Amino acid sequence: MHATSHIQDRYVQPEPTMKKPTIGKCKLCKETKELNFEHIPPRSAYNKETRYYTVNQLDYLKNAKEYAFEGLKPKSKKHQGGLGNYSFCENCNGFLGSNYVRTYKKFAQIAMRIILSNDKKIKSYEFDISDINLLNFLKQITAIFIASNSLLFTESYPELIEFVRNKNQNELPNRYRFYMYLNNEGQARNGHIHFTNHYGTVCEFAFPPFGFVLSFDNPNQLMKLSEITNFKYYDKINMVNKLPIILNKYPTYYPIPLDFRSENELNGST
Ligand SMILES: [Zn+2]
């Protein structure tokens with residue numbers, strides 16, 4: 001694997017609490033404490049030395065094409081050192097680290113290896129995930145969405161907190177549905193909640209090698225994506241020897257939820 005081949009400049013929309021370590025309310029335990037810098041995704045999953053700019057959301061939307069394809073660089077300063085923000089206290093940060101992060105890293109390494117060792121044009125992969133603890137993986141994804149959004153997010157969706165904080169809990173109401181895809185092209189997506197006409201309420205997070213969508217109160221399955229809601233039942237399925245998963249690979253050029261148009265499609269040359 002070429003260690004540097006996935007490194008590129010990324011654009012992220014600003015987080016109000018991004019810069020300084022601060023006393024604040026932890027988004028997981030809701031206690032007021034000193035907050036730790038939380039790498040989103042985990043530092044060990046290709047987020048150690050990410051180079052990024054913070055971009056105003058409107059500016060980003062208005063100039064999406066210029067940013068994606070025409071070499072426009074934001075006027076803001078370039079940062080380096082991993083994406084993330086001050087979301088969790090030291091305890092909660094440590095809890096995630098010792099319970100879920102290693103699983104995420106392991107799956108990320110497998111996925112990245114598969115993407116990089118195959119032809120770029122391949123758009124769908126099937127591989128075996130029987131040695132991944134899928135419940136832990138789903139909990140880490142949930143933690144990513146909690147960390148990416150404001151404190152208010154979990155006031156509307158409190159079960160997500162319980163799901164992350166109790167490592168044995170495998171129950172989560174059916175209103176929450178999770179999806180994933182592979183991603184190694186385009187820009188990061190920040191996990192913020194969006195209210196869309198087509199897909200209802202969704203959060204989408206993308207950072208190579210993965211993209212995740214959390215969908216709320218939508219009885220319809222989101223097409224094009226692999227649903228992974230059943231990972232919560234991992235305890236009941238972990239006796240099988242082989243567990244295949246099929247994941248599509250999508251580019252994420254524009255900051256629009258579930259917009260997977262390719263470079264050719266966006267430039268009108270298909
Ligand atoms: Zn905490």
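Just above, that's the structure.
The structure contained in this document is the topic of the report that follows. Everything numeric in this text was worked out from a predicted model, so none of it was measured.

1. As for the environment of Glu162
Phase 1: Position of Glu162 relative to the elements: it lies in helix H7 (residues 159–165).
Phase 2: In this structure, the C-alpha to C-alpha distance between Glu162 and Tyr181, residues 19 residues apart in sequence, is 25 Å.

2. Overview of the nonpolar core
Phase 1: Of all hydrophobic cores here, the largest spans 58 residues; its most connected members are Ala108, Leu138, Ile146, Met180 and Phe212.
Phase 2: When contributions to this core are tallied by element, the ones reaching two or more residues are strand S6 (84–89), helix H3 (90–99), helix H4 (101–116), helix H5 (134–148), H7, strand S8 (176–182), strand S10 (200–207) and strand S11 (210–216).
Phase 3: Examining the composition of this core, we find that 10 residues originate from one element, H5, more than from any other.
Phase 4: With near-sequence residues (within four places) excluded, Met180 lies in contact with Phe210, Gly211, Phe212, Leu225, Ser226, Ile228 and Leu247.

3. Quick word on H3
Phase 1: Within the span of H3, buried status applies to Cys92, Asn93 and Leu96. Buried residues of H3 fall within an arc of 105° about the axis and therefore sit on the same side. What points out from H3, more than 90 degrees from its buried face, is the exposed set Glu90, Gly94 and Ser98.
Phase 2: Tucked into the core, H3 has its buried residues touching strand S3 (32–39), S6, H4 and H5.

4. Describing the packing of H4 against H5
Phase 1: Between H4 and H5, whose axes approach to 8 Å, the crossing angle comes to 100°. Classified by the angle between their axes, H4 and H5 sit roughly perpendicular to one another. Contacts from Val101, Thr103, Tyr104 and Phe107 in H4 reach Asn136, Phe137 and Gln140 in H5.
Phase 2: Partitioned by chemical class, the residues of the contact of H4 with H5 number 4 nonpolar, 3 polar and no charged.

5. Describing the sheet that holds S6
Phase 1: Taken in spatial order, the 3 strands make up an open sheet running S2-S3-S6, and their pairing is antiparallel. For this open sheet the edge positions go to strand S2 (23–25) and S6, each flanked by a neighbour on one side alone. Averaged over all neighbouring strand pairs, the angle between strand axes comes to 65°, with direction disregarded.
Phase 2: Note: S2 against S3, 3 bridges, orientation antiparallel. Directly across from Lys25, in S3, lies its bridge partner Thr32.
Phase 3: Along the sheet, H3 contacts S3 and S6; its crossing angle with S6, the most-contacted strand, is approximately 100°.

Conventions used here
- Residues numbered from 1 in each chain as written.
- Predicted model: local features only at pLDDT ≥ 70, side-chain atom pairs only at ≥ 80, totals over all residues.
- Helix = DSSP H or I, 4+ residues; strand = E, 2+ residues; numbered from the N terminus.
- Core = buried A, V, L, I, M, F, W, Y, C linked by C-beta atoms within 7 Å.
- Buried ≥ 20, exposed ≤ 12 C-beta atoms within 10 Å, placed from the backbone.
- Contact = placed C-beta atoms within 7 Å.
- Arc of directions from axis to C-beta.
- Axes fitted to C-alpha atoms, helices over the stretch in contact; angles between N-to-C directions.
- Parallel < 35°, antiparallel > 145°, perpendicular 65-115°, else oblique.
- Nonpolar A, V, L, I, M, F, W, Y, C, P; charged D, E, K, R; others polar.
- Pairing = 2+ DSSP bridges.

So, to be careful, I would describe these as geometric facts and stop short of saying anything about function.
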